[in-house]
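Breakdown of the fold
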Amino acid sequence: MKFCTNKLNVLYVCRLFNGLETSIKYKVWNPTGVPTIYRMINALDKNPEYNLDLVVTSKGDQPDWHYGLVKKINIKHLSSTVTILYSFGSKFGKIGLLFQETFHLLYILIKILFNRYDCLYVDHANIYIGSIVSRVRLLPVIFRLMGVYPAMRKVVSDNGVKNKIFRWLYRSPFSMVVCTQDGSGIEPWLKKSIEKNVPIYDLINGVECKKPTLDQLTNVYVKYSIPRNKILVLFLGKLEKIKGIYEFLEGFGIANRECGGDLHAIVVGCGNQFSCIKKMTHGDKSVTLIPRVAHSEIFNFHKIADIYISPNRLANLTNANLESMSSGGCIIIPQSQPDTFVDIVVDGLLSNSAVYRIKFPPSGDGIAKAIVKLFDSPELRSTLSNNVVIESGKFITSWDDRIEKELKLIKSIVNQ
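This model, assessed by the stated rule, comprises seven aromatic pairs. Ring plane angle 80° and centroid distance 4.8 Å describe the contact between Tyr170 and Trp189, whose orientation is recorded as edge-to-face. Residue Tyr170 is located in helix α6 (residues 161-170), and its partner Trp189 is located in helix α7 (residues 186-193); the two are separated by 19 residues in the primary sequence. Seen in terms of ring centroids, Phe235 and Phe248 are 5.3 Å apart; in terms of plane orientation they differ by 50°. Their pairing is tilted. Taken together, the residues span a long stretch of sequence, with Phe235 in strand β9 (residues 231-236) and Phe248 in helix α9 (residues 245-258) at a distance of 13 residues. The ring of Trp168 has Arg135 lying over it, and the distance from NZ or CZ to the ring centre is 3.8 Å.

A word on the sheet that holds strand β13 (residues 331-334). For sheets, the rule is that strands pair by backbone hydrogen bonds, running either parallel or antiparallel. The six strands are arranged β11-β10-β9-β12-β13-β14 in an open sheet whose pairing can be described as parallel. Sheet topology places β11 (287-290) and β14 (356-358) at the edges, where each strand pairs with a single neighbour. Ignoring which end each strand starts from, the neighbouring axes of this sheet average 20° apart. Note: β9 against strand β10 (residues 263-268), six bridges, orientation parallel.

On to the environment of Phe103, then. Note on placement: Phe103 falls in helix α3 (residues 93-114). The sequence separation of Phe103 and Ser87 amounts to 16 residues, and the corresponding C-alpha distance is 9.6 Å. The contacts of Phe103, once residues within four sequence positions are left out, are Leu69, Val70, Leu85, Tyr86 and Phe88.

Another point: the pairing of strand β8 (residues 200-203). With four bridges joining them, strand β7 (residues 176-180) and β8 adopt parallel strand pairing. By the bridge assignment, Val178 is partnered in β8 with Tyr201.

Spatial strand order, β3-β4-β2-β1-β5-β6-β7-β8: eight strands in an open sheet with mixed pairing. Strand pairing shows two members of the sheet lacking a second neighbour, β3 (70-75) and β8, which therefore form its edges. Averaged over neighbouring strand pairs, the angle between their axes works out to 20° when direction is ignored.

Let's shift gears to the pairing of β10. Within β10, six of the six residues are buried, which leaves it mostly tucked inside the rest of the structure. Of the two faces of β10, the one carrying Leu263, Ala265 and Val267 and the one carrying His264, Ile266 and Val268 are both buried. For β10 and β11, the ladder comprises four bridges, and the chain directions are parallel. From the neighbouring strand, Ile266 faces β11, where its bridge partner is Thr288.

Here the focus is the environment of Cys330. Inspection of the secondary structure assignment puts Cys330 in the loop between α12 (319-327) and β13. Sequence-wise, Cys330 and Leu384 are 54 residues apart; in three dimensions their C-alpha atoms are separated by 5.7 Å. For Cys330, the residues in contact, after removing those within four places along its chain, are Asp306, Ile307, Tyr308, Leu374, Arg381 and Leu384.

Quick notes on the rules
Residues numbered from 1 in each chain as written. Predicted model: local features only at pLDDT ≥ 70, side-chain atom pairs only at ≥ 80, totals over all residues. Heavy atoms only, no water. Phe/Tyr/Trp six-rings, centres within 6.5 Å; stacked < 30°, edge-to-face > 60°. Helix = DSSP H or I, 4+ residues; strand = E, 2+ residues; numbered from the N terminus. Lys NZ or Arg CZ within 6 Å of the ring centre and 35° of its normal. Pairing = 2+ DSSP bridges. Axes fitted to C-alpha atoms, helices over the stretch in contact; angles between N-to-C directions. Contact = heavy atoms within 4.5 Å. Buried < 20%, exposed > 50% of the residue type's maximum accessible area, 1.4 Å probe, protein only.

Right, dumping it as structure tokens:
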């Protein structure tokens with residue numbers, strides 16, 4: 001990396017997210033997910049005020065990425081060189097994990113000692129690195145969280161050795177914590193886990209709303225063999241149990257029978273349940289399963305969908321949901337969870353006249369009843385669609401504005 005005294009030199013360390021794998025494999029920058037991450041990388045890469053040094057760490061559940069211990073590659077449409085750090089894989093067990101994290105930590109420490117960076121930007125998967133660097137006071141450290149999830153909550157209450165270590169890591173003297181406000185109940189967790197003197201900023205992700213052309217919509221119908229004479233019900237997200245994919249398919253199946261087969265499901269996403277879902281839906285002409293689409297195509301699916309369902313138990317201000325809101329989707333989500341604070345913030349942002357709420361935990365029966373209700377009432381679908389655009393427009397900004405806020409936060413700690 002070439003350093004310039006008139007630029008801010010940012011060492012950006014993040015894990016190899018699924019949404020970045022294709023870009024790295026084919027060396028063409030075209031991420032299929034994690035816009036929170038890739039849009040920040042884009043901004044730091046393109047903005048003339050910054051020098052970006054990007055390090056991507058492959059973790060223990062990604063043993064197929066055999067690039068050697070350290071591999072530097074150039075990716076088309078990304079001016080910064082990308083460094084990939086090897087994952088030792090799960091086959092070595094806990095010892096392999098220890099070697100992996102130690103190797104990643106030592107590599108970053110050496111980079112910091114022999115280069116001149118203004119700050120370190122590190123994600124949750126690389127908290128060991130962020131914690132040590134901040135405690136040794138080598139650099140200002142921005143710790144980046146993309147919401148709060150069950151394993152992180154367990155850290156606060158469980159006294160196991162691993163959780164005690166993580167509590168110590170979370171209480172590191174970071175220069176700043178930036179957390180995505182995704183509805184996952186971040187407020188109580190941040191208050192308990194992060195050191196009191198550390199500034200915390202919670203930001204709702206942005207949306208770059210694109211209105212598809214008629215030709216683009218026609219292409220979606222043709223490309224994926226989606227029927228035009230059915231009410232289309234959309235699921236978009238990771239195919240994981242916690243995200244409610246099985247409840248979605250169960251509820252859709254029940255509703256489709258009650259609606260005389262006039263429904264068609266579109267399922268877009270990958271995840272650890274993809275193979276099971278593929279087998280489960282094989283031969284079912286009422287379900288279209290699509291593993292991956294470019295992020296630029298997402299709005300095409302939101303536009304053609306009559307009903308969008310998010311049976312997510314973890315959070316419901318996700319990127320996919322925000323995009324559906326901006327597109328005027330007729331949205332079904334679960335009620336909030338007062339015990340974990342999940343989606344409490346959503347209650348204050350969106351009324352029942354903007355989204356259709358079902359009982360928590362979301363069940364196949366509950367989803368089915370909601371689908372049938374909306375199927376029988378085009379007027380209600382239209383009302384929800386119009387109101388969600390109005391209400392979400394009060395808190396959803398463009399991605400450019402959203403990223404600009406974060407860039408200003410980086411400048412604020414560097415210029416202190």
